[in-house]
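# Coordinates in review
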Amino acid sequence: MLLRGRPMVCQEVVELVSDYLEGALPRGERRRLERHLAGCPHCTEYLAQMRETIRLTGRLVPGDFTPQMREEFTELFRRWREDEDEPL
Amino acid sequence: MTISGTAGAPWSCAPAVLRPVPWEMPSTASRASRDRRTVKAVDDDARLLERLRAGDEAAFVALVAAHHDAMLRLASNFVSSRAVAEEVVQDTWLGVLRGIDRFEGRSTLRTWLLAILVNRARTTGVREARSIAVGDAAPAVDRARFDAAGAWSSPPEHWVEDAEERLGAAALASQINAALEQMPPRQRAVVTLRDIDGLDSDEVCAVLSLSQANQRVLLHRGRSQLRRALETALGGS
């Protein structure tokens, strides 16, 4: 016979979704959360929003690597080469 | 969305756009962050590194370009101006050139670079990323949205499928950047490294000298804040 944990409430769920997505919840807690999700469209929505937030964040385009930056680092490399080549 | 080197947040350097092609998200975020840096990108790093060791200048510049954004953003969390952040990045690369043989491939190149960078940034940093007491923070969702029993009284509205359609890619990116700018530095660093730069949790802990537990707390707070920002922008609360 399985002992069920105390049911989770919505207010707890929202504090745990990130850990849930990380796979970091202990098994018992994960089960309680999933049981709650199965019966709660609002928290299910919240989880979907969290996933979408992560997805959209991941789509930010990196800043441009400008010609000026390219020049600066080329300079840096050449100066380093010169220093390397100098007799000790 | 460029920034001035003086007033205002030195942090924000990503332009206000989203990538045109959406990434596929596996079911857990931790796998997702690993997938974000594609196998191809990591392979490219390996090839460029080999060429760099042989003295190839173009390979050096290509490597710098590949990691510049991640490095500059991370440096910005430790120092008070973009100009200083750029110097930290340059110093890091100089250090890398001088010790290029020391990369043993035990971590990804990006993780290795960022770890060196953090060391430099900390010694340079006027504004040390302050130890925010990990204990105190706003709840993920305003308490007022739950009833006395802890159930939603003001539940989230549905916007997941049409966020981009309703706001547009530029406005979305702008919201995300604005929310990131408002975060405490360490929280911002964790969310950025995980969800933008593709490091996994072990790598972030190594780079930022955080425990797994602290990393998770900071990630939770950061993501919750981002979700709230998007929800507000989409008119849901």
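Residues numbered from 1 in each chain as written. Chains lettered and ligands numbered in written order. Predicted model: local features only at pLDDT ≥ 70, side-chain atom pairs only at ≥ 80, totals over all residues. Heavy atoms only, no water.

Taken as a whole and assessed by the stated rule, the structure comprises 19 salt bridges over all chains. When the shortest N-O distance is used, the salt bridge between Glu164 of chain B and Arg59 of chain A registers 2.7 Å. With Glu164 of chain B in helix α6 (residues 163-167) and Arg59 of chain A in the loop between α3 (41-57) and α4 (67-85), this pair bridges two chains. Of the residues examined, Glu164 of chain B reaches a relative accessible area of 28% and is grouped as partly exposed. Salt bridges sharing partners connect three or more residues here, namely Glu22 of chain A together with Arg194, Asp195 and Arg223 of chain B. (Salt bridge = Lys/Arg side-chain N within 4 Å of Asp/Glu carboxyl O. Helix = DSSP H or I, 4+ residues; strand = E, 2+ residues; numbered from the N terminus. Buried < 20%, exposed > 50% of the residue type's maximum accessible area, 1.4 Å probe, protein only.)

Listed as interface residues are 68 residues of chain B and, on the opposing side, 41 residues of chain A. Of the roughly 5100 Å² buried at the junction of chain B and chain A (both faces included), carbon and sulfur atoms supply 64%. Seen at the junction of chain B and chain A, the total is five salt bridges. Here Glu22 of chain A ties to Arg194 of chain B by a salt bridge, and the two come within 2.7 Å at their closest N and O atoms. Summed over the shared surface of chain B and chain A, the result is 14 residue pairs in polar contact (both at pLDDT 80 or more). Listing elements by their share of the side of chain B that touches chain A, those giving two or more residues are α1 (29-36), α3 (57-76), α4 (82-98), α6, α7 (169-182), α8 (185-195) and α10 (212-233) of chain B. The greatest single-element share of the side of chain B that touches chain A, amounting to nine residues, is contributed by α10 of chain B. Here the residues of the side of chain B that touches chain A are counted per class, giving 40 nonpolar, 12 polar and 16 charged. (Contact = heavy atoms within 4.5 Å. Buried area = accessible area lost by both parts, 1.4 Å probe. Polar contact = N/O pair within 3.5 Å; in protein donor to acceptor, adjacent residues only side chain to side chain. Nonpolar A, V, L, I, M, F, W, Y, C, P; charged D, E, K, R; others polar.)

Residues and elements named next belong to chain B. Within the fold, Arg73 resides in helix α3. When its relative accessible area of 4% is taken as the criterion, Arg73 is described as buried. Separated by 3.2 Å, the side chains of Arg73 and Asp197 make a polar contact.

Overall, the coordinates contain seven aromatic pairs over all chains when judged by the stated rule. Ring centres 6.2 Å apart and planes at 35° place the aromatic pair Phe65 of chain A and Phe73 of chain A in the tilted group. The same class applies to Phe65 of chain A and to Phe73 of chain A, which are both buried. Among the aromatic residues, ring-to-ring pairing joins Phe77 and Trp80 of chain A together with Phe60 and Trp93 of chain B into one connected group. (Phe/Tyr/Trp six-rings, centres within 6.5 Å; stacked < 30°, edge-to-face > 60°.)

Position of Thr192 of chain B relative to the elements: it lies in helix α8. Within polar-contact distance, the side chain of Thr192 of chain B engages the backbone oxygen of Arg188 of chain B at 2.7 Å.

Over its 17 residues, α4 of chain B extends 24 Å from the first C-alpha to the last, a length consistent with the 24 Å expected when each residue adds 1.5 Å. Of the residues making up α4 of chain B, those classed as buried are Arg82, Ala85, Val88, Val89, Thr92, Trp93, Leu94, Gly95, Val96 and Leu97 of chain B. Of the surrounding elements, those touching the buried residues of α4 of chain B are α4 of chain A together with α2 (39-53), α3 and α5 (109-124) of chain B. (Expected span 1.5 Å × (residues − 1).)

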